[in-house]
Amino acid sequence: MIQIGDFGISRVEELVLDEDVSLLKHFGEETVAEHGGWLIPDFYNPERNCFYSMIHSWILRTPDKTIVIDTAGGDDKDRPLSPRFDHNKTGFLERLAAAGVQPEDVDMVLLTHLHVDHVGWNTRLQDGTWVPTFPNAEYVATATELEVRDPKRGAAEKPPQAWTTYLDSVQPIVDAGQMRVVEGTETIMPGIDLVPLPGHAPGMVGIRVRGGGKEALFIADAMHQPIQIYHPEWSSKYCENPELANETRAKMLKYAADEGALILPAHFVAPYCGYVRSGPNGYVFERPSETP
Ligand SMILES: [Zn+2]
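Every value quoted in this text rests on a predicted model; they were computed, and no experiment measured them.

About the thresholds
Residues numbered from 1 in each chain as written. Predicted model: local features only at pLDDT ≥ 70, side-chain atom pairs only at ≥ 80, totals over all residues. Heavy atoms only, no water. Helix = DSSP H or I, 4+ residues; strand = E, 2+ residues; numbered from the N terminus. Contact = heavy atoms within 4.5 Å. Areas by Shrake-Rupley, 256 points an atom, 1.4 Å probe, with all protein chains shown as cover. Lys, Arg positive; Asp, Glu negative; His and termini not counted. Charge placed at Lys NZ, Arg CZ, Asp CG, Glu CD. UniProt positions renumbered as here; feature names shortened; annotations may be inferred. Core = buried A, V, L, I, M, F, W, Y, C linked by side-chain atoms within 4.5 Å. Buried < 20%, exposed > 50% of the residue type's maximum accessible area, 1.4 Å probe, protein only.

Asks: Looking at this model, I keep getting lost on the overall build of the chain. Mind explaining?
Replies: Helix and strand content of the chain: 7 helices and 17 strands. In terms of overall dimensions, the chain has a C-alpha envelope of 55 × 45 × 35 Å along the principal axes. Once local pairs closer than 6 in sequence are excluded, the contacts in the chain between residues at least 24 apart make up 66%. Entry remark: accessible area of the chain is about 12,300 Å², with carbon and sulfur atoms responsible for 50%. Looking at the chain, you have 25 positive and 43 negative side-chain charges, and the mean spots of the two groups are 1 Å apart.

Asks: Help me understand the side chain of Thr142 in this model?
Replies: Here Thr142 shows up in strand S9 (residues 138–142). Sequence-distant contacts of Thr142, defined by excluding residues within four places in its chain, comprise Val181, Val182, Glu183, Gly184, Gly203 and Val205.

Asks: Would you take a moment to explain the UniProt feature "domain: Metallo-beta-lactamase" (unreviewed entry) in the chain for this structure?
Replies: Taking the numbering used here, the UniProt-annotated feature "domain: Metallo-beta-lactamase" (unreviewed entry) corresponds to residues 54–267. Structurally, residues 54–267 is divided into 22% helix and 27% strand, and its ends, taken at the C-alpha atoms, are 4 Å apart.

Asks: I tried to follow the nonpolar core on my own but got confused; where do I start?
Replies: Grouped burial of nonpolar side chains is what soluble globular proteins tend to show. Formed by 55 residues in total, the largest nonpolar core has its most connected members in Ile9, Leu60, Ile192, Val209, Phe218 and Met252. In contact with Met252, other than residues within four places in its own chain, are Leu197, Leu217, Ile219, Ala222, Met223 and Ile263. Counting 28 residues, the second-largest nonpolar core is a separate cluster that includes Ile59, Phe92, Val101 and Phe134.

Asks: Mind showing me how you'd approach unusual backbone geometry here?
Replies: Glycine aside, residues mostly have negative phi angles, and peptide bonds mostly take the trans form. For the bond from Ile40 to Pro41, the omega torsion is 0 degrees, close enough to zero to count as cis. Inspection of the secondary structure puts Pro41 in the loop between helix H1 (29–39) and strand S3 (44–45). Along the chain, Ala270 connects to Pro271 via a cis peptide bond; the corresponding omega equals 15 degrees. Here Pro271 lies in the loop between strand S15 (262–265) and strand S16 (275–279).

As structure tokens, this is what we get:
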């Protein structure tokens, strides 16, 4: 657990995935020659020429609330376009319980964006129906993300296989009256506010937590791999608008370096988070003194 004032940050793991280096199209032998010393073995596997990617949820505890940030890939989901998340059995809820959180304890689910690997545990299958996993939670998503993923609105032109994530993991939350729609700049509660991070997804938001003179910034998919701290101009193949993602990443890194904020990305493997420091040739990654 990492403490930011009165806020506690921990995490619940779902999957660790091999991520082919095609994730970052400019990554190659030159990068390995320059950065291999710290990328291997934690972040990059030279034998398989792949990165490692974490799929997890962040748990943010306030003195009286339990907040889940993003809900991973989920179990039992039909994912014709995303084999890695197709009909999984991940044991996620057991690990959540082991972390001391029962689904009914969760007060809020903050969704940074609505990609397949961030909304899966919004719902679970019960007697053939998708029901909210967290029955007492207010789920929070941006108007832009809801608009572009909804088959009746922005996603109408996409093939039906692309709708499954929305239909089984977002629509049931809306139907249950548990979805709070935000613009993405709101203060959620004292000490917690939303920060727009468009590019990887058009309505993606980060979550800024401030307390006790410290700051933490959940940056969602503004970066996928720590090498991007050294190459802010590298967007991933999953970024919907790579140029805008580059702009957002550059701004976010400058902010994190200037403010000394702990950044908590959605997909870094251990140590899962860290600091961005200004060096003579750009930014460098600094590991945190404690891991969540
Ligand atoms: Zn993601």
